[in-house]
Amino acid sequence: MNQESSISTRRSKPGIFGTLNPQKVVVLILSNWYVYVAAFLICTLGAFIYLKHKIPSYSVSTTILIEEEESMPGQDILQGFALRPGIQNLDNQLIILTSYSLIGKTLDELPFGIDVSRKGLFSKASYYPMSPFRIEPGPGGYPYNVEFVFKHIEGDQFHFQTKTRNAPSLDSTFTLGKLIEYGDYSFTIFPQPELQNVYEEGEKIHIQFLDNERLTEVYLARLGVELAARDGSIVRLSLEGTNRAKDIIFLNKLADVYIGDNLEKKNTEAERIIAFIDSQLEGVQDSLEITETELQEFRSRNRIMDVSAQAQQIVDQAVVLENEKAALNLRREYYSYLDKYLADDGTETAPVSPSSMGIEDPQLAIHMQELAGLQAEYFSRGVGERNPLQGQLQLRIRNTKQSMRETLSGIIRANQLGINENNQQLSRLNAEAASLPEKERQLLGFERRFNLNNVVYTFLLQEKANAQIQSASNTPDNVLVDAARSSTEIVSPLWYIVFAFAFALALGLPTLVILMGNVLQNKIATEDDLHFVKDIPVTGHIPHSRLSYNTVVLTEPTSRIAESFRSLRTRLDFFTTDTKCPMLVISSSMPGEGKTFAAINLASAYSMAGKKTLLIGFDLRKPTVSKNFELKDDELGVTSYLIGKKTLKEVIHRTDFENLYILPAGPIPPNPGELAGSPKAIEMFSTLKNQFDLIIVDSAPIGVVSDIYPITKNADTVLIMVRHGYTKKNVLAATLAEMQVNGIRGFSLLLNDIGLRSGSYRYAYKYKYDYETKSSRLGVKKA
């Protein structure tokens, strides 16, 4: 038979789901409706249980205004000190708010180290601040990071056991108010009389001791920080949890600590500036006192109180030059201090700002701002030790300090040039003073030294006063906008989300299981599973048979199965019209696919059409055809003829039905492969073609043995059985590939054992034929 011209039921092409097309997906879903109903009931019940036992969570939030404006000393004395712009940057403040150190400092001031809670479904709620227990440490202290379960028994007795994995086990009965020893640790649980009903109800109570490090990690993971407005600097801090009171207390304390730290840093900055000025005042004050004493003694000793007009002019010029010299010397002292600071890599605090000393240098100010920002990041524990980019921050700080030292080197050279120029001007002024009388010249020297120290001392006192005024005027840059408050509505679980998830799970999980099972299964379930054999036609479909015998066409001629074989006969007649005696070989890729069932019923259909039909049982290894008929001598068959014991006429049996003859396999030979491929076997088929109108051969499974290959050369059509839900894809594919390699042509597929509700294999016969049926089993006789 020509495969390309074959009229067959064409298989649909694979759809967007690989080997599944949308129609098949719908059929699979509808055919498993009961699975979806069960899944929907289970998921709905699970949603109710979850909502009943899940402890509700609430959102608690507070808002803080972070001031980004630069407020430098000197702009307004009463405005107070401002932190350097690099520190007060909004991004840096967000990092500081979520830093490990700030949260740890906050928790140091809160009694959250002992957590007494109850557990729900996938959640727990702390009893704080209404804890039913007061727990005091014993001599050994608390066993931190260990969780215990308390269950009241009666009176003051309770059962106490450990819950934490990898912790020493404890499982015993204790008394309230008595010391509990746990390894090297010990503690005592005291009841709160007004809350004893909480634990007397018998519900399990969980007690956990948390050290500051573990507690900080818990709150660090829970804390949310975001900008309240896109272009603003108001920050919203939020927590979601089951204990609103506890979260409110934490957020309020966090805001207090954060704002307090900001004010403390500004006060520390002021104290460092005042301390620097005091260190300069100490030396200047001593010099002032000495020069003042010398001036007074000289005037008393020489009885001279004032100088001439010329000398006074020289004094006035000297005062101006000495003021410049004092300012240059003060800057040199600051530059020396700053150079020592930059040489120390381990310094954590930021240096005194140059602007606070009246030094305005744009390049140095930019470097100071960058250094302050980097140090704020690096020395925050949450973004320093715990940040994988710590090494990069160290490198950036080192590079910034190096850039500052290079800039500072140029500034120091410029300052020294100014000092040299000032000294030269003073030298010229001294030369002019040399022309004055000796006593007047000496008085001029004393007054110059005194005026110099007096000006420097007055300048430092003024700067100190300014610094003290600014220190007293210090206020935090950050302001609490709203104290922490809780939402009135539950944020988790939301009933509509839970039921939506349950519905999606009830729909998605069965669908996934069904589709994955269909994709992963290795058995042929529908025609779409035959996508790997696109060029091989399907000749027919045989429905599932519920009967216990194989002769369905003969005993149930009006059945769906009989109709399917008549339909198959019609198809095959179309291709064998010009053949005198067509020979049809029926085989399979593996045993159990129904080739004998198909051979018997197809032969019956042809015999009922008036064709003299011979059914040959050619499965010499496992003969089964003879078992379906009441043969008087089933030892007579193909084997008996091929080994020469019987003639061909002696081994052919005639049935009670007209035109139906049977040639059984006979006894099982020791060499079935050799007999099947022997010249006498080929000659037998040639002889039989001259005696019958049609020959149907029930062969051995071609996918298991090779007995069929010799006789396929004389076959007009080869039908390969494919049994629904039984045939394995890989075995069938290998069998078909091997047949093509061995030159077998003209073969097609016959789908067998199709259920009435098996997807696209549905047969709905609304009519039936009136055939005369025989209720008794068939009898046979020898021809």
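None of the values given here were measured: they were computed from a predicted structure.

The rules we used
- Residues numbered from 1 in each chain as written.
- Predicted model: local features only at pLDDT ≥ 70, side-chain atom pairs only at ≥ 80, totals over all residues.
- Heavy atoms only, no water.
- Helix = DSSP H or I, 4+ residues; strand = E, 2+ residues; numbered from the N terminus.
- Polar contact = N/O pair within 3.5 Å; in protein donor to acceptor, adjacent residues only side chain to side chain.
- Contact = heavy atoms within 4.5 Å.
- Buried < 20%, exposed > 50% of the residue type's maximum accessible area, 1.4 Å probe, protein only.
- Arc of directions from axis to C-beta.
- pLDDT = per-residue confidence, 0-100.
- Patch = residues over 30% accessible without salt bridge, like charges linked within 9 Å, V, L, I, M, F, W, Y side chains within 5 Å.
- Areas by Shrake-Rupley, 256 points an atom, 1.4 Å probe, with all protein chains shown as cover.
- Salt bridge = Lys/Arg side-chain N within 4 Å of Asp/Glu carboxyl O.
- Pairing = 2+ DSSP bridges.
- Axes fitted to C-alpha atoms, helices over the stretch in contact; angles between N-to-C directions.
- Core = buried A, V, L, I, M, F, W, Y, C linked by side-chain atoms within 4.5 Å.
- Nonpolar A, V, L, I, M, F, W, Y, C, P; charged D, E, K, R; others polar.
- Lys, Arg positive; Asp, Glu negative; His and termini not counted.
- Charge placed at Lys NZ, Arg CZ, Asp CG, Glu CD.
- Phe/Tyr/Trp six-rings, centres within 6.5 Å; stacked < 30°, edge-to-face > 60°.
- Lys NZ or Arg CZ within 6 Å of the ring centre and 35° of its normal.

A. The arrangement of the side chain of serine 131 in detail. Tracing the backbone through its elements, the reader meets serine 131 in the loop between β3 (123-126) and β4 (133-137). At 3.1 Å, the side chain of serine 131 and the backbone oxygen of phenylalanine 133 are in polar contact. With sequence-adjacent residues up to four places away left out, serine 131 is seen in contact with Val116, Gln192 and Leu195.

B. Up close: helix α4 (residues 90-97). By the burial criterion, the buried members of α4 are Leu90, Asn92, Gln93, Ile96 and Leu97. Seen along its axis, α4 keeps its buried residues to an arc of 155 degrees; they face one direction.

C. How the structure looks around the confidence of the model for the chain. Per-chain confidence: the chain averages 79 in pLDDT, with 83% of residues scoring 70 or above. Averaged pLDDT values over the elements of the chain bottom out at 41 in strand β22 (residues 780-782) and peak at 93 in strand β9 (residues 185-191). Contacts of residues 1-18 to residues separated by more than four positions or lying in other chains number 44 contacts, the stretch itself having pLDDT below 50. A low-confidence stretch, residues 71-87 (pLDDT under 50), is modelled with 49 contacts involving residues beyond four sequence positions or located in other chains.

D. A nonpolar patch on the surface, seen in detail. The grouping of Trp33, Tyr34, Val35, Val37, Phe40, Leu41, Phe503 and Leu507 at the surface amounts to a nonpolar patch, some 820 Å² of accessible area in total. At the level of elements, α2 (33-53) and α13 (495-520) are the ones that each hand at least two residues to the nonpolar patch. Looking at the nonpolar patch, the element that brings in the most residues is α2, giving six residues. Residue placement: valine 35 occurs in helix α2.

E. Representation of the sheet that holds strand β1 (residues 58-66) within the structure. The strand order β11-β12-β1-β13 describes an open sheet built from four strands, whose pairing is antiparallel. In the strand order of this sheet, the two ends are held by β11 (224-227) and β13 (478-486), each with one partner. Across the sheet, the mean angle separating the axes of adjacent strands is 20 degrees when strand polarity is ignored. Across the sheet, α4 touches β1, β11, β12 (234-241) and β13, and the angle it forms with β12 is around 25 degrees.

F. Region of the structure containing the nonpolar core. The biggest cluster of nonpolar side chains holds 47 residues, and the ones touching the most others in it are Ile616 and Leu688. In this view, leucine 688 contacts Leu614, Ile616, Leu648, Ile652, Leu663 and Ile695; residues no more than four positions away in its chain are not counted. By size, the runner-up hydrophobic cluster in this structure holds 31 residues, among which are Leu584, Ile586, Leu615 and Ile662.

G. Broad picture of the sheet that holds strand β5 (residues 146-154). The strand order β3-β2-β10-β5-β6-β7 describes an open sheet built from six strands, whose pairing is antiparallel. Every interior strand has two partners, whereas the edge strands, β3 and β7 (171-175), have only one. Taking each pair of neighbouring strands and ignoring which way they run, the sheet shows an average axis angle of 35 degrees. Where strand β2 (residues 114-120) and strand β10 (residues 205-209) come together, four bridges link them in antiparallel fashion. Paired with aspartate 115 across the two strands is glutamine 208, which belongs to β10.

H. Here's a closer look at the pairing of strand β15 (residues 583-588). Judged by how many residues are buried, β15 sits mostly within the fold: six of six residues are covered. Burial along β15 is two-sided: the residues Met583, Val585 and Ser587 and Leu584, Ile586 and Ser588 are all buried.

I. Geometry of helix α20 (residues 679-689). Regarding α20, the residues found buried are Ala681, Met684, Phe685 and Leu688. For α20, the angular spread of the buried residues around the axis is 95 degrees, confining them to a single face.

J. The packing of helix α1 (residues 22-31) against α2, seen in detail. At their nearest, the axes of α1 and α2 sit 4 Å apart, and the two run at 60 degrees to each other. Note on element contacts: α2 touches α1 through Trp33, Tyr34 and Tyr36, opposite Ile29, Leu30 and Ser31. Tallied by class, residues from the contact of α1 with α2 come to five nonpolar, one polar and no charged.

K. How the structure looks around the environment of glutamine 402. With respect to the helices, strands and loops of the structure, glutamine 402 is situated in helix α11 (residues 390-433). With 59 residues separating them along the chain, glutamine 402 and alanine 343 place their C-alpha atoms 9.0 Å apart.

L. Quick peek at a negative patch on the surface. A contiguous patch of negative charge, built from Glu282, Asp286, Glu289 and Glu292, is present on the exposed surface. Mapped onto the elements, aspartate 286 comes out in helix α8 (residues 244-302). Given a relative accessible area of 46%, aspartate 286 falls into the partly exposed group.

M. The environment of isoleucine 249, seen in detail. Looking at the element boundaries, isoleucine 249 is found in helix α8. Taking the C-alpha atoms as reference, isoleucine 249 lies 7.8 Å from alanine 484; in sequence the two are 235 residues apart. The contacts of isoleucine 249, once residues within four sequence positions are left out, are Leu110, Phe112 and Tyr128.

N. Expanded view of the packing of aromatic side chains. Under the criterion given, the structure shown has 25 aromatic pairs. Seen from their ring centres, phenylalanine 148 and phenylalanine 160 are 5.0 Å apart, and the 10 degrees between their planes marks the pair as stacked. Residue phenylalanine 148 is located in strand β5, and its partner phenylalanine 160 is located in strand β6 (residues 157-162); the two are separated by twelve residues in the primary sequence. Note on accessibility: phenylalanine 148 and phenylalanine 160 belong to one class, buried. Where phenylalanine 148 meets phenylalanine 187, the ring centres are 5.8 Å apart and the plane angle is 55 degrees; that geometry is what we call tilted. Here phenylalanine 148, found in strand β5, pairs with phenylalanine 187, found in strand β9; they are 39 residues apart in sequence, far enough to count as distant. Assessed through its relative accessible area of 0%, phenylalanine 148 is described here as buried. A cation over an aromatic ring shows up here: lysine 246 above the ring of phenylalanine 112, its NZ or CZ 5.0 Å from the ring centre. The lysine or arginine in question, arginine 723, covers the ring of tyrosine 726, its NZ or CZ lying 5.1 Å from the ring centre.

O. Seen up close, the pattern of salt bridges. A complete count under the given rule lists 15 salt bridges for this structure. Residue aspartate 261 is joined to lysine 105 by a salt bridge in which the shortest nitrogen-to-oxygen separation is 2.6 Å. You can see aspartate 261 sitting in helix α8 and its partner lysine 105 sitting in helix α5 (residues 100-108), a full 156 residues away along the chain. Given the relative accessible area of 16%, aspartate 261 is considered buried. Between lysine 246 and aspartate 115 there is a salt bridge whose closest N-O contact spans 3.5 Å. Separated by 131 residues along the polypeptide, lysine 246 in helix α8 and aspartate 115 in strand β2 bring together distant segments of the chain. For aspartate 115, a relative accessible area of 8% translates into the label buried.

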